[in-house]
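# A closer look at the structure
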Amino acid sequence: MAKKTVKDLSLAGKKVFTRVDFNVPRNESGEITDDTKIKAALPTIEYILEQGASVILASHLGRPKGQVKDNLRLDSVAQRLSDLLGRNIQKADEVVGPEVTEAAAGLKPGDILLLENVRFHPGEEKNEPELAKAYADLADIFVSDAFGTAHRAHASNTGIAAHLPSVAGLLMTEEVENLSKSLHNAKRPLVAIIGGSKVADKISVLKNFLEIADSILLGGGMANTFLRAKDYNMGRSLLEEDKLMQASEIMQLAANKDVNLCLPVDLVVADEVSADADAEDVIIDSVPDGKMALDIGPKTREIYADLISKAGTIVWNGPLGVFEVEPFARGTMDIAIAVANSQAFSIIGGGDVVAAVEKAGVADKISHLSTGGGATLEFWEGKELPGIAALEDK
Ligand code: ADP
Ligand code: MG
């Protein structure tokens, strides 16, 4: 069911506790190397301020595990946010406590207060009711814009919602609307492309798409396990011997449900994963003993691209080969271009596959690039995410 959004409430004069995802990548000296996540939260922050409200921002950064870690403080995030917004930001040095209470009490319309890394507090990841209440006491309204943590029930994204009117921010709304389109009443045919390294990570996503997809195109390391389950020799390829039964079951289920589950018909193999490896195309029944399958082959790229060109909706998680290393990038790059050129509604989710599509230079031709890693996968598993469930229905 659709959730209420920040646009459904009147915000003037209110204090709005806004959970954002500022968990940005940083280098060894703590400098932000990519501020995409901060930029993604700007529309919601600007909207709230324009309505004449003040904002209390909360985010985690890294994994401090309930302890104060000086290298994970949010000061550099506050600085970058201030630069991007062109406004002053008050940065608190604690998550909750007297300093925060006083700062929040003094907020005027247009003011912004950023709390310290919420995961410094041991109650955050435990979803401690006292901490959730302490957050709520600072504000009048709760807005959740942190889609990337929506699969976790923590105090600042779920617990707090028990105490305040709670709605989705603009980024959260966009994620949920787009991802929902891939699961419910998707324009047909629905083609799911699933690659990446391991079956274990993706088995629940595969099972969910068996219920709703017309075609599932497999690639990457996980396809190796399926091919092995069909008794092909896979040489030294990455595969999971303990998942062969599950792979066979999935192939059986696909046949029963009339889902077109596609496996590679040819592969790119090599002795080693390196830029100057001697890569070779082989058909599926001739993987040499000592070699590894590291990408989908030319015939497979053609078959997959053809199905993609006829799709109404495309969902893609996980690269189709070791795209980071040149001789094994082509499968993922060609498929990225095929998805970009299709008329379908296309959604791509997963840290590595999003990076691959950016590398292919076609990110702007994809209907939606999901910002959530684990959250996106759990959404595609068909699970209800606690950070979304906690928000009010329309
Ligand atoms: P995502 O982040 O998109 O969900 P994953 O994390 O599941 O994707 O998998 C990405 C990794 O899988 C990449 O680092 C890539 O090199 C690796 N990979 C893809 N194909 C293979 C393969 N055939 N053998 C080994 N690793 C592979
Ligand atoms: Mg990954």
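Our subject is the structure that appears above.
My aim in this report is to walk through the structure given alongside it, one point at a time. (Residues numbered from 1 in each chain as written. Chains lettered and ligands numbered in written order. Predicted model: local features only at pLDDT ≥ 70, side-chain atom pairs only at ≥ 80, totals over all residues. Heavy atoms only, no water.)

## Description of the nonpolar core
Generally speaking, soluble globular proteins have nonpolar side chains that are buried together. Keep this limit in mind: Definition of nonpolar core: a set of buried residues of the types Ala, Val, Leu, Ile, Met, Phe, Trp, Tyr and Cys, connected through side-chain atoms within 4.5 Å. Summary of the burial criterion: residues with accessible area below 20% of their type's maximum are buried, those above 50% are exposed, and those between are partly exposed, where the area comes from a 1.4 Å probe applied to protein chains only. By convention here, the domain bounds are inherited from an automatic or database domain assignment. By the convention used here, residues are in contact when the closest approach between their heavy atoms is within 4.5 Å.
Of all hydrophobic cores here, the largest spans 104 residues; its most connected members are Phe22, Phe209, Ile216, Leu218 and Phe226. When residues are assigned to domains, this core turns out to be shared by domain 1 (6–172) and domain 2 (186–380), each giving three or more. The residues touching Ile216, leaving out its near neighbours within four places in the chain, are Ala192, Ile194, Leu206, Phe209, Leu210, Val259, Asn260, Leu261 and Cys262. Grouped together as the second largest cluster of nonpolar side chains are 23 residues, Ile296, Ala311, Ile335 and Ala344 included.

## Brief notes about the sheet that holds strand E11 (residues 280–283)
Quick note on the threshold: Two strands make a pair as long as DSSP finds a minimum of two bridges between them. By definition, any uninterrupted DSSP run of H or I lasting at least four residues is a helix, any uninterrupted run of E lasting at least two residues is a strand, and each is numbered from the N terminus. Orientation is described by lines fitted to C-alpha atoms, with helices fitted over the stretch in contact, and by angles between N-to-C directions that extend from 0 to 180 degrees.
Overall, antiparallel pairing links the 3 strands, which are arranged E11-E10-E12 in an open sheet. Looking at strand neighbours, the two that pair on one side only are E11 and strand E12 (292–296), the edges of this open sheet. When strand polarity is set aside, the average angle formed by the axes of neighbouring strands in this sheet is 45°. The pairing of strand E10 (residues 266–270) with E12 spans 4 bridges and is antiparallel. Directly across from Val269, in E12, lies its bridge partner Ala293.

## Concerning helix H12 (residues 351–359)
Put simply, the test is: Starting at the helix axis, one direction is taken to each C-beta atom, and the arc is that of these directions.
Buried within H12 are the following residues: Val353, Val354, Ala356 and Val357. Along the axis of H12, the buried residues cluster in a sector spanning 155°; they form a single face. Taken together, the buried residues of H12 touch strand E13 (313–317), helix H11 (330–341), strand E14 (345–348) and strand E15 (368–369). Backbone geometry just after H12 places Gly361 at a positive phi near 75°.

## Section: empty space enclosed by the protein
This is how the line gets drawn: In this analysis a 1.4 Å probe is tested at points of a 1 Å grid over the protein atoms alone, and where it fits but cannot get out there is a cavity; an open set with protein on both sides within 12 Å along at least five of seven lines is a pocket; lining residues have an atom within 4 Å of a point. Grid points are joined across faces, edges and corners, and a volume is the space filled by probe spheres set on the points. Ten residue types, Ala, Val, Leu, Ile, Met, Phe, Trp, Tyr, Cys and Pro, are classed as nonpolar, four, Asp, Glu, Lys and Arg, as charged, and the remainder, Gly among them, as polar.
With the rule as written, the count across this model stands at 1 cavity of 30 Å³ or more. Taken as a whole, the largest cavity encloses approximately 80 Å³ of empty space. In this structure, the largest cavity is lined by Val20, Asp21, Lys37, Ala40, Ala41, Asp145, Ala146, Phe147, Gly148, Leu171 and Thr371. Ranked by residues supplied to the lining of the largest cavity, first place goes to helix H1 (residues 36–50) with 3 residues. Of the residues belonging to the lining of the largest cavity, the class tally is 6 nonpolar, 2 polar and 3 charged.

## Remarks on the layout of surface pockets
Taken as a whole, the largest pocket encloses approximately 910 Å³ of empty space. Asp21, Lys37, Thr371, Gly372 and Gly373 are, among the 32 residues lining the largest pocket, the residues nearest its centre. Of all elements in the fold, only H1, helix H6 (170–183), H12 and E15 reach the threshold of two or more residues within the lining of the largest pocket. Top contributing element to the lining of the largest pocket by residue count: H12, with 4 residues. Along the lines of polarity and charge, the residues of the lining of the largest pocket split into 6 nonpolar, 16 polar and 10 charged. Split by domain, the lining of the largest pocket shows at least three residues from each of two domains, domain 1 (6–172) and domain 2 (186–380). Lining the second largest pocket are 24 residues; nearest its centre among them are Met1, Val176, Ser180, Phe379 and Ile388.

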